[in-house]
Amino acid sequence: MMEIPKSHPRYESLMRREKLVAGIEAGITSMQGLIAHGRGEAFDYLIGERTMDSALQATEVAAAILCDANKPVLSVNGNVAALASPEMVALSRLIDAPLEVNIFYRTEARVKRIKELLMRSGAKRVFGDMPDARLEGIDHARGLVSHDGIYTADVVLAPLEDGDRCEALIAMGKKVITIDLNPLSRTSRYATVSIVDDVQRALRNIIKIIEDNNLSRNADLDSILANYDNRKILKAAINEIAERLVNLEP
Ligand code: PTJ
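Quick summary incoming for the structure in this document.

Here we look at the overall build of the protein
When you go through the protein residue by residue, the secondary structure sums to ten helices and eight strands. In terms of overall dimensions, the protein is globule-like: its C-alpha atoms have a radius of gyration of 17 Å, near the 18 Å expected for 250 residues. Sequence separation of at least 24 residues holds for 64% of the intrachain contacts in the protein that already meet a minimum separation of 6. With an accessible surface of roughly 12,100 Å², the protein has 52% of that area assigned to carbon and sulfur atoms.

A short note on the sheet that holds strand E3 (residues 126-127)
Strand order across the open sheet formed by six strands is E3-E2-E1-E6-E7-E8, with parallel pairing between neighbours. The sheet is open, and its two edges are formed by E3 and strand E8 (193-195), each paired on a single side. In terms of strand pairing, strand E1 (residues 72-76) meets strand E2 (residues 99-101) through three bridges, oriented parallel. In the strand pairing of E2, Leu74 is matched with Leu99. Lying on the sheet, helix H3 (residues 53-68) is in contact with E1, strand E6 (155-157), strand E7 (175-179) and E8; it crosses E8 at an angle near 130°. Sheet strands in contact with helix H8 (residues 199-213) are E6, E7 and E8, and its direction is about 125° off that of E7.

Quick look at the site of the ligand
Near the ligand lie 23 residues; those nearest to it are Gly78, Phe104, Tyr105, Arg110 and Asp180. One of the side-chain N or O atoms of Asp198 is found 2.9 Å from a nitrogen atom in the ligand. Taking 740 Å² as the accessible area of the ligand by itself, protein coverage stands at 93%. Of all the cavities here, the one that holds the ligand is the largest pocket. Elements with a minimum of two residues in the shell around the ligand: helix H2 (31-47) and helix H4 (78-94).

Quick notes on the packing of aromatic side chains
Inspection of the entire model under this criterion finds one aromatic pair. Ring centres of Phe104 and Tyr105 lie 4.8 Å apart, and the angle between their planes is 85°; this geometry places the pair in the edge-to-face category. Of the residues examined, Phe104 reaches a relative accessible area of 33% and is grouped as partly exposed. It is Arg189 that lies over the ring of Tyr190; its NZ or CZ is 5.9 Å from the centre.

Section: the environment of His8
Structurally, His8 can be placed in the segment before helix H1 (11-25). Residues His8 and Ala36, 28 residues apart in the sequence, show an inter-C-alpha distance of 24 Å. Among the polar contacts listed, one links the side chain of His8 to the backbone nitrogen of Arg10, at a separation of 2.9 Å.

A short note on unusual backbone geometry
For Glu49, which is not glycine, the phi torsion reads 50° and is therefore positive. Phi is positive for Asp96, which is not a glycine, with a value near 55°. Here Asp96 lies in the loop between H4 and E2.

Quick word on the pattern of salt bridges
Close approach of charged atoms lets side chains of opposite charge pair. In total, this model carries 15 salt bridges according to the counting rule given. One salt bridge connects Arg201 with Asp44, and the closest N-O pair in it is separated by 2.8 Å. Here Arg201 is found in helix H8, whereas its partner Asp44 is found in helix H2, with 157 residues between them in sequence. The exposure classification of Arg201 matches that of Asp44, with both residues buried. Among the charged side chains, a salt-bridge network with shared partners connects Arg16, Asp44, Asp197, Asp198 and Arg201.

Remarks on the nonpolar core
Of all hydrophobic cores here, the largest spans 57 residues; its most connected members are Leu91 and Ile195. Counting residues per element, this core draws most heavily on H3, at nine residues. Here Ile195 is in contact with Ala55, Ala58, Thr59, Ala62, Ile177, Thr178, Ile179, Asp180, Ala202 and Ile206, once residues within four sequence places are set aside. Of all hydrophobic cores here, the second largest spans 14 residues; its members include Val145, Ile150, Ala158 and Leu169.

Some details on the side chain of Thr29
On the secondary structure map, Thr29 appears in the loop between H1 and H2. Given a relative accessible area of 4%, Thr29 falls into the buried group. A distance of 2.9 Å separates a polar side-chain atom of Thr29 from the backbone oxygen of Gly78.

Parameters at a glance
- Residues numbered from 1 in each chain as written.
- Predicted model: local features only at pLDDT ≥ 70, side-chain atom pairs only at ≥ 80, totals over all residues.
- Heavy atoms only, no water.
- Helix = DSSP H or I, 4+ residues; strand = E, 2+ residues; numbered from the N terminus.
- Rg over C-alpha atoms; globule rule 2.2 N^0.38 Å.
- Contact = heavy atoms within 4.5 Å.
- Areas by Shrake-Rupley, 256 points an atom, 1.4 Å probe, with all protein chains shown as cover.
- Pairing = 2+ DSSP bridges.
- Axes fitted to C-alpha atoms, helices over the stretch in contact; angles between N-to-C directions.
- Near = heavy atom within 4 Å.
- Polar contact = N/O pair within 3.5 Å; in protein donor to acceptor, adjacent residues only side chain to side chain.
- 1 Å grid on protein atoms, 1.4 Å probe; cavity = no way out; pocket = protein on both sides within 12 Å on 5 of 7 lines; lining within 4 Å.
- Sits in = over half its atoms within 2 Å of the grid points.
- Phe/Tyr/Trp six-rings, centres within 6.5 Å; stacked < 30°, edge-to-face > 60°.
- Buried < 20%, exposed > 50% of the residue type's maximum accessible area, 1.4 Å probe, protein only.
- Lys NZ or Arg CZ within 6 Å of the ring centre and 35° of its normal.
- Salt bridge = Lys/Arg side-chain N within 4 Å of Asp/Glu carboxyl O.
- Core = buried A, V, L, I, M, F, W, Y, C linked by side-chain atoms within 4.5 Å.

What follows is the structure in C-alpha coordinates.
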(Lines give C-alpha, C1' and ligand atoms only; values in the text may rest on other atoms or scores of the structure.)
Protein backbone atom coordinates (compact mmCIF):
# COMPACT_ATOMS: atom_id res chain seq x y z
CA MET A 1 0.00 0.00 0.00
CA MET A 2 1.18 3.54 -0.72
CA GLU A 3 2.33 5.55 2.32
CA ILE A 4 -0.25 8.27 2.96
CA PRO A 5 0.90 10.78 5.61
CA LYS A 6 -1.55 11.00 8.50
CA SER A 7 -1.41 14.78 8.22
CA HIS A 8 -3.02 14.64 4.76
CA PRO A 9 -6.43 16.33 4.95
CA ARG A 10 -7.99 13.43 3.03
CA TYR A 11 -6.09 10.68 4.89
CA GLU A 12 -9.09 8.47 5.77
CA SER A 13 -10.55 8.61 2.29
CA LEU A 14 -7.21 7.94 0.59
CA MET A 15 -6.54 5.00 2.92
CA ARG A 16 -9.87 3.45 1.93
CA ARG A 17 -8.78 3.65 -1.72
CA GLU A 18 -5.45 2.03 -0.85
CA LYS A 19 -7.22 -0.81 0.96
CA LEU A 20 -9.44 -1.48 -2.04
CA VAL A 21 -6.53 -1.47 -4.48
CA ALA A 22 -4.69 -3.84 -2.14
CA GLY A 23 -7.87 -5.95 -2.05
CA ILE A 24 -7.82 -6.22 -5.84
CA GLU A 25 -4.12 -7.09 -5.89
CA ALA A 26 -4.75 -9.81 -3.28
CA GLY A 27 -7.61 -11.25 -5.34
CA ILE A 28 -10.21 -10.34 -2.70
CA THR A 29 -12.05 -7.40 -4.26
CA SER A 30 -13.60 -7.31 -7.73
CA MET A 31 -12.64 -4.64 -10.28
CA GLN A 32 -16.30 -3.62 -10.24
CA GLY A 33 -15.83 -3.01 -6.52
CA LEU A 34 -13.80 0.09 -7.38
CA ILE A 35 -16.73 1.55 -9.29
CA ALA A 36 -19.12 0.75 -6.46
CA HIS A 37 -16.70 2.40 -4.04
CA GLY A 38 -16.55 5.53 -6.20
CA ARG A 39 -20.31 5.88 -5.96
CA GLY A 40 -20.18 5.43 -2.21
CA GLU A 41 -17.31 7.92 -1.93
CA ALA A 42 -19.34 10.55 -3.79
CA PHE A 43 -22.23 10.12 -1.36
CA ASP A 44 -19.83 10.24 1.58
CA TYR A 45 -18.47 13.54 0.27
CA LEU A 46 -21.99 14.98 0.24
CA ILE A 47 -22.69 13.54 3.70
CA GLY A 48 -19.51 15.17 5.02
CA GLU A 49 -17.66 11.92 5.85
CA ARG A 50 -19.28 11.64 9.27
CA THR A 51 -22.07 9.67 10.92
CA MET A 52 -25.31 11.60 10.50
CA ASP A 53 -27.85 11.72 13.34
CA SER A 54 -30.31 9.66 11.28
CA ALA A 55 -27.61 7.03 10.67
CA LEU A 56 -26.86 6.84 14.38
CA GLN A 57 -30.55 6.23 15.13
CA ALA A 58 -30.57 3.40 12.58
CA THR A 59 -27.34 2.02 14.02
CA GLU A 60 -28.83 1.86 17.52
CA VAL A 61 -31.81 -0.12 16.24
CA ALA A 62 -29.52 -2.38 14.22
CA ALA A 63 -27.44 -3.12 17.33
CA ALA A 64 -30.61 -4.04 19.26
CA ILE A 65 -31.83 -6.33 16.46
CA LEU A 66 -28.47 -8.09 16.21
CA CYS A 67 -28.31 -8.68 19.96
CA ASP A 68 -31.86 -10.00 20.07
CA ALA A 69 -31.49 -12.33 17.08
CA ASN A 70 -31.69 -16.09 17.48
CA LYS A 71 -29.50 -16.75 14.49
CA PRO A 72 -27.75 -13.68 13.10
CA VAL A 73 -25.38 -14.04 10.13
CA LEU A 74 -22.98 -11.41 8.83
CA SER A 75 -22.59 -11.34 5.04
CA VAL A 76 -19.23 -10.35 3.57
CA ASN A 77 -18.40 -9.35 -0.02
CA GLY A 78 -15.16 -8.27 -1.66
CA ASN A 79 -15.46 -4.59 -0.74
CA VAL A 80 -16.43 -5.27 2.87
CA ALA A 81 -13.51 -7.72 3.20
CA ALA A 82 -11.03 -5.12 1.96
CA LEU A 83 -12.43 -2.22 3.98
CA ALA A 84 -13.65 -3.72 7.23
CA SER A 85 -12.53 -7.31 7.89
CA PRO A 86 -11.32 -6.59 11.46
CA GLU A 87 -14.65 -4.92 12.33
CA MET A 88 -16.78 -7.70 10.78
CA VAL A 89 -14.79 -10.31 12.69
CA ALA A 90 -14.93 -8.30 15.94
CA LEU A 91 -18.72 -8.00 15.64
CA SER A 92 -19.13 -11.68 14.82
CA ARG A 93 -17.18 -12.62 17.95
CA LEU A 94 -19.03 -10.09 20.11
CA ILE A 95 -22.49 -11.44 19.26
CA ASP A 96 -21.35 -14.98 18.46
CA ALA A 97 -22.61 -14.88 14.87
CA PRO A 98 -21.02 -16.66 11.92
CA LEU A 99 -19.80 -14.81 8.85
CA GLU A 100 -20.78 -15.87 5.32
CA VAL A 101 -18.89 -14.94 2.18
CA ASN A 102 -21.53 -14.04 -0.39
CA ILE A 103 -20.36 -12.29 -3.53
CA PHE A 104 -21.97 -11.03 -6.70
CA TYR A 105 -19.05 -11.51 -9.11
CA ARG A 106 -18.43 -14.99 -7.78
CA THR A 107 -15.30 -16.99 -8.39
CA GLU A 108 -14.43 -19.86 -6.07
CA ALA A 109 -10.86 -18.53 -5.76
CA ARG A 110 -12.10 -15.16 -4.50
CA VAL A 111 -14.50 -16.78 -2.01
CA LYS A 112 -11.61 -18.89 -0.69
CA ARG A 113 -9.32 -15.86 -0.30
CA ILE A 114 -11.98 -13.82 1.50
CA LYS A 115 -12.62 -16.74 3.85
CA GLU A 116 -8.88 -17.10 4.52
CA LEU A 117 -8.60 -13.37 5.26
CA LEU A 118 -11.48 -13.55 7.75
CA MET A 119 -10.00 -16.63 9.45
CA ARG A 120 -6.60 -14.90 9.68
CA SER A 121 -8.39 -11.92 11.25
CA GLY A 122 -9.72 -14.17 14.02
CA ALA A 123 -13.08 -15.41 12.70
CA LYS A 124 -14.41 -18.58 14.32
CA ARG A 125 -16.97 -19.70 11.70
CA VAL A 126 -17.11 -18.64 8.05
CA PHE A 127 -19.67 -20.07 5.61
CA GLY A 128 -19.87 -19.46 1.88
CA ASP A 129 -17.29 -21.72 0.26
CA MET A 130 -19.62 -24.70 0.09
CA PRO A 131 -23.09 -23.30 -0.65
CA ASP A 132 -25.83 -25.91 -0.35
CA ALA A 133 -28.98 -23.80 -0.66
CA ARG A 134 -30.43 -21.30 -3.09
CA LEU A 135 -32.46 -18.14 -2.49
CA GLU A 136 -35.64 -18.31 -4.53
CA GLY A 137 -35.88 -15.82 -7.36
CA ILE A 138 -32.19 -14.87 -7.30
CA ASP A 139 -30.64 -16.22 -10.49
CA HIS A 140 -27.17 -14.76 -9.98
CA ALA A 141 -24.41 -15.96 -7.68
CA ARG A 142 -25.62 -14.08 -4.62
CA GLY A 143 -28.49 -16.56 -4.54
CA LEU A 144 -25.99 -19.29 -3.57
CA VAL A 145 -26.01 -19.57 0.23
CA SER A 146 -25.29 -21.98 3.04
CA HIS A 147 -28.24 -23.76 4.64
CA ASP A 148 -26.75 -23.40 8.12
CA GLY A 149 -25.79 -19.79 7.44
CA ILE A 150 -27.83 -17.17 5.59
CA TYR A 151 -30.57 -19.59 4.49
CA THR A 152 -31.77 -20.29 8.03
CA ALA A 153 -30.71 -17.00 9.66
CA ASP A 154 -33.38 -14.80 11.22
CA VAL A 155 -31.28 -11.64 10.90
CA VAL A 156 -28.78 -10.90 8.13
CA LEU A 157 -26.34 -7.99 8.27
CA ALA A 158 -25.50 -7.33 4.63
CA PRO A 159 -23.40 -4.22 3.97
CA LEU A 160 -23.12 -2.96 0.35
CA GLU A 161 -25.93 -5.26 -0.67
CA ASP A 162 -27.86 -5.87 -3.92
CA GLY A 163 -31.46 -4.73 -3.85
CA ASP A 164 -32.85 -7.98 -5.21
CA ARG A 165 -31.16 -10.23 -2.66
CA CYS A 166 -32.31 -7.88 0.07
CA GLU A 167 -35.88 -8.23 -1.19
CA ALA A 168 -35.56 -12.03 -1.39
CA LEU A 169 -34.29 -12.24 2.21
CA ILE A 170 -37.13 -10.00 3.44
CA ALA A 171 -39.64 -12.17 1.52
CA MET A 172 -38.28 -15.18 3.47
CA GLY A 173 -39.29 -13.42 6.69
CA LYS A 174 -35.80 -12.34 7.75
CA LYS A 175 -34.78 -9.00 9.14
CA VAL A 176 -32.13 -7.40 6.92
CA ILE A 177 -29.76 -4.73 8.16
CA THR A 178 -27.79 -2.97 5.49
CA ILE A 179 -25.04 -0.35 5.45
CA ASP A 180 -25.12 1.74 2.29
CA LEU A 181 -23.94 5.31 1.75
CA ASN A 182 -26.66 5.77 -0.89
CA PRO A 183 -30.00 6.50 0.79
CA LEU A 184 -31.74 6.14 -2.58
CA SER A 185 -30.54 2.63 -3.42
CA ARG A 186 -33.06 -0.21 -3.74
CA THR A 187 -31.29 -1.98 -0.90
CA SER A 188 -31.67 1.01 1.40
CA ARG A 189 -35.36 1.23 0.59
CA TYR A 190 -36.14 -2.46 1.07
CA ALA A 191 -34.07 -3.31 4.16
CA THR A 192 -35.59 -3.56 7.63
CA VAL A 193 -32.94 -1.12 8.86
CA SER A 194 -30.67 0.86 6.52
CA ILE A 195 -27.64 2.59 7.94
CA VAL A 196 -26.60 5.40 5.58
CA ASP A 197 -22.95 5.49 6.58
CA ASP A 198 -19.54 4.20 5.58
CA VAL A 199 -19.21 0.49 6.33
CA GLN A 200 -16.26 0.81 8.70
CA ARG A 201 -17.69 3.77 10.61
CA ALA A 202 -21.07 2.01 10.96
CA LEU A 203 -19.56 -1.28 12.16
CA ARG A 204 -17.41 0.53 14.73
CA ASN A 205 -20.53 2.32 15.99
CA ILE A 206 -22.51 -0.93 16.25
CA ILE A 207 -19.69 -2.52 18.24
CA LYS A 208 -19.39 0.49 20.55
CA ILE A 209 -23.15 0.64 21.19
CA ILE A 210 -23.26 -3.06 22.08
CA GLU A 211 -20.20 -2.81 24.34
CA ASP A 212 -21.17 0.47 26.04
CA ASN A 213 -24.74 -0.58 26.77
CA ASN A 214 -23.94 -4.17 27.57
CA LEU A 215 -26.74 -5.11 25.15
CA SER A 216 -28.00 -8.62 25.52
CA ARG A 217 -30.45 -10.83 23.67
CA ASN A 218 -33.23 -9.58 25.95
CA ALA A 219 -33.37 -6.06 24.54
CA ASP A 220 -36.91 -4.71 24.38
CA LEU A 221 -36.95 -5.00 20.63
CA ASP A 222 -40.67 -5.06 19.94
CA SER A 223 -41.26 -1.56 21.23
CA ILE A 224 -38.09 -0.30 19.52
CA LEU A 225 -39.23 -1.73 16.18
CA ALA A 226 -42.81 -0.54 16.64
CA ASN A 227 -41.50 3.02 16.72
CA TYR A 228 -39.08 2.55 13.83
CA ASP A 229 -39.85 3.53 10.23
CA ASN A 230 -36.97 2.83 7.83
CA ARG A 231 -38.33 5.09 5.06
CA LYS A 232 -38.66 7.95 7.56
CA ILE A 233 -35.02 7.52 8.60
CA LEU A 234 -33.96 7.51 4.93
CA LYS A 235 -35.92 10.70 4.36
CA ALA A 236 -34.17 12.22 7.38
CA ALA A 237 -30.81 11.21 5.88
CA ILE A 238 -31.70 12.92 2.58
CA ASN A 239 -32.78 16.02 4.50
CA GLU A 240 -29.54 16.07 6.49
CA ILE A 241 -27.53 15.89 3.25
CA ALA A 242 -29.65 18.60 1.59
CA GLU A 243 -29.42 20.90 4.60
CA ARG A 244 -25.66 20.55 4.70
CA LEU A 245 -25.34 21.33 0.99
CA VAL A 246 -27.61 24.38 1.18
CA ASN A 247 -25.48 25.81 3.98
CA LEU A 248 -22.09 25.00 2.41
CA GLU A 249 -19.86 27.83 1.22
CA PRO A 250 -17.86 26.86 -1.91
O1 PTJ B 1 -17.50 -8.62 -4.04
P2 PTJ B 1 -18.72 -8.69 -4.89
O3 PTJ B 1 -18.52 -9.52 -6.12
O4 PTJ B 1 -19.92 -9.16 -4.13
O5 PTJ B 1 -19.06 -7.21 -5.39
C6 PTJ B 1 -19.33 -6.20 -4.44
C7 PTJ B 1 -19.96 -4.97 -5.10
C8 PTJ B 1 -19.99 -3.85 -4.06
C9 PTJ B 1 -19.10 -4.55 -6.30
C10 PTJ B 1 -21.39 -5.34 -5.57
O11 PTJ B 1 -22.14 -5.79 -4.48
C12 PTJ B 1 -22.07 -4.19 -6.25
O13 PTJ B 1 -22.03 -4.00 -7.45
O14 PTJ B 1 -22.72 -3.36 -5.40
P15 PTJ B 1 -23.61 -2.10 -5.89
O16 PTJ B 1 -24.91 -2.58 -6.45
O17 PTJ B 1 -22.77 -1.15 -6.69
O18 PTJ B 1 -23.94 -1.43 -4.50
C19 PTJ B 1 -22.94 -0.97 -3.65
C20 PTJ B 1 -23.55 0.13 -2.79
O21 PTJ B 1 -22.66 0.35 -1.72
C22 PTJ B 1 -23.73 1.47 -3.51
O23 PTJ B 1 -25.03 1.98 -3.22
C24 PTJ B 1 -22.65 2.38 -2.90
O25 PTJ B 1 -23.11 3.69 -2.76
C26 PTJ B 1 -22.46 1.75 -1.53
N27 PTJ B 1 -21.10 1.90 -0.99
C28 PTJ B 1 -19.92 1.95 -1.67
N29 PTJ B 1 -18.89 2.07 -0.82
C30 PTJ B 1 -19.40 2.07 0.44
C31 PTJ B 1 -20.82 1.96 0.33
N32 PTJ B 1 -21.61 1.94 1.39
C33 PTJ B 1 -21.03 2.00 2.62
N34 PTJ B 1 -19.69 2.11 2.79
C35 PTJ B 1 -18.85 2.15 1.74
N36 PTJ B 1 -17.53 2.26 1.93
